[in-house]
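The residues making up each chain are set out below.
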Amino acid sequence: MRAIIVAVMAAPLLGGCVSAVKTVVTAPVKAVGQVADWSTTSQDEADRNRGREMRKSEERVGKLSRQRDKALGKCRDGNEEQCQRAEVLEHEIEAEMAAPR
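Residues numbered from 1 in each chain as written. Predicted model: local features only at pLDDT ≥ 70, side-chain atom pairs only at ≥ 80, totals over all residues. Heavy atoms only, no water.

Let's talk about the overall build of the protein chain
Condition: Each helix is a run of H or I in the DSSP string that is no shorter than four residues. Each strand is a run of E no shorter than two, and both are numbered from the N terminus. When accessible area is computed with a 1.4 Å probe and restricted to protein chains, residues below 20% of their type maximum are described as buried, those above 50% as exposed, and intermediate ones as partly exposed. Surface accessibility in these figures is a Shrake-Rupley result with a 1.4 Å probe; residues are shielded only by whichever protein chains are displayed.
Check the secondary structure of the protein chain and you find 3 helices and 0 strands. Element order for the protein chain, N to C, with α for helix and β for strand: α-α-α. Evaluated residue by residue, the protein chain yields a buried proportion of 14% over its 101 residues. Surface exposure of the protein chain reaches about 8,400 Å², of which carbon and sulfur atoms provide 61%.

If you want it as structure tokens, here you go:
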């Protein structure tokens, strides 16, 4: 009779122990999963980063093109220095467009 009473009274205590053991056992698995999430890039993130990089590249090409066009205008007016600048800017545009993405 005493054994039954002790077992019934100990049951709630064992539930807490089982929960604690479960938490301790699953913690390393959860930690490894979180590290894997932090250290890898999802496809969505990769696409977003690629799009951002493409937009930045297009902005750089646009800025260089405007500078080149302005230099070409001054070159046509006879400014030899601006002719050289336009040529340098043209090479920069070509390099930017040829850069791997």
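What about the side chain of Gln82?
Worth spelling out the cut-off: Contact between two residues is taken to exist if any of their heavy atoms lie within 4.5 Å; hydrogens are not considered.
Topologically, Gln82 is positioned in helix α3 (residues 80-98). Setting aside residues no more than four positions away along its own chain, Gln82 makes contact with Ala71, Lys74 and Cys75.

Description of the side chain of Glu96
Inclusion rule: N or O atoms closer than or at 3.5 Å make up a polar contact, with two conditions inside protein: a donor-capable atom paired with an acceptor-capable one, and, for residues adjacent in sequence, both atoms drawn from side chains.
For Glu96, the location among the structural elements is in helix α3. At 2.9 Å, the side chain of Glu96 and the side chain of Ser57 are in polar contact.

Focus on the state of the cysteines
Threshold: When the sulfur atoms of two cysteines come within 2.5 Å, that pair is taken as a disulfide.
Scanning the entire structure with this criterion turns up 1 disulfide. Each sulfur of the disulfide joining Cys75 and Cys83 lies 1.7 Å from the other. Here Cys75 and Cys83 share a disulfide; its torsion about the S-S bond, 90°, makes the bridge right-handed.

Quick word on the confidence of the model for the protein chain
Cut-off, in case you're wondering: The pLDDT score gives, residue by residue, the confidence of the prediction method on a 0 to 100 scale.
Residues of the protein chain with pLDDT of at least 70 account for 71%, and the chain-wide mean is 82. Mean pLDDT values for the elements of the protein chain range from 65 in helix α1 (residues 2-39) up to 95 in α3.

Description of the packing of helix α2 (residues 43-76) against α3
If you want to describe how two helices pack, look at the angle between their axes and the distance between the axes. To be explicit about the condition: Every axis corresponds to a line fitted to the C-alpha atoms, with the helix fit spanning only the stretch in contact, and the corresponding angles, defined between N-to-C directions, vary from 0 to 180 degrees. Throughout this description, any angle smaller than 35 degrees is read as roughly parallel, any larger than 145 degrees as roughly antiparallel, any in the 65 to 115 degree range as roughly perpendicular, and the remainder as oblique. In a left-handed crossing the near helix is turned counterclockwise from the far helix by less than a right angle, and in a right-handed crossing that turn is clockwise.
Viewed as axis vectors pointing N to C, α2 and α3 meet at an angle of 160°, and their least axial separation amounts to 8 Å. Classified by the interaxial angle, the pair formed by α2 and α3 is roughly antiparallel. For the pair α2 and α3, the sense of crossing is left-handed. Together, Ser57, Arg60, Val61, Leu64, Ser65, Gln67, Arg68, Ala71, Leu72, Lys74 and Cys75 of α2 and Gln82, Cys83, Arg85, Ala86, Leu89, Glu90, Glu92, Ile93, Glu96 and Met97 of α3 make up the contact between the two elements.

Some details on the pattern of salt bridges
Quick reminder of the rule: Should a side-chain nitrogen of Lys or Arg be within 4 Å of a carboxyl oxygen of Asp or Glu, the pair is scored as a salt bridge.
Scanning the entire structure with this criterion turns up 5 salt bridges. With its nearest N and O atoms 3.2 Å apart, the salt bridge here joins Asp69 to Arg68. You can call Asp69 partly exposed: its relative accessible area is 44%. A relative accessible area of 18% places Arg68 in the buried class. In this structure, the salt-bridge partner of Glu90 is Arg68, at a minimum N-O distance of 2.7 Å.

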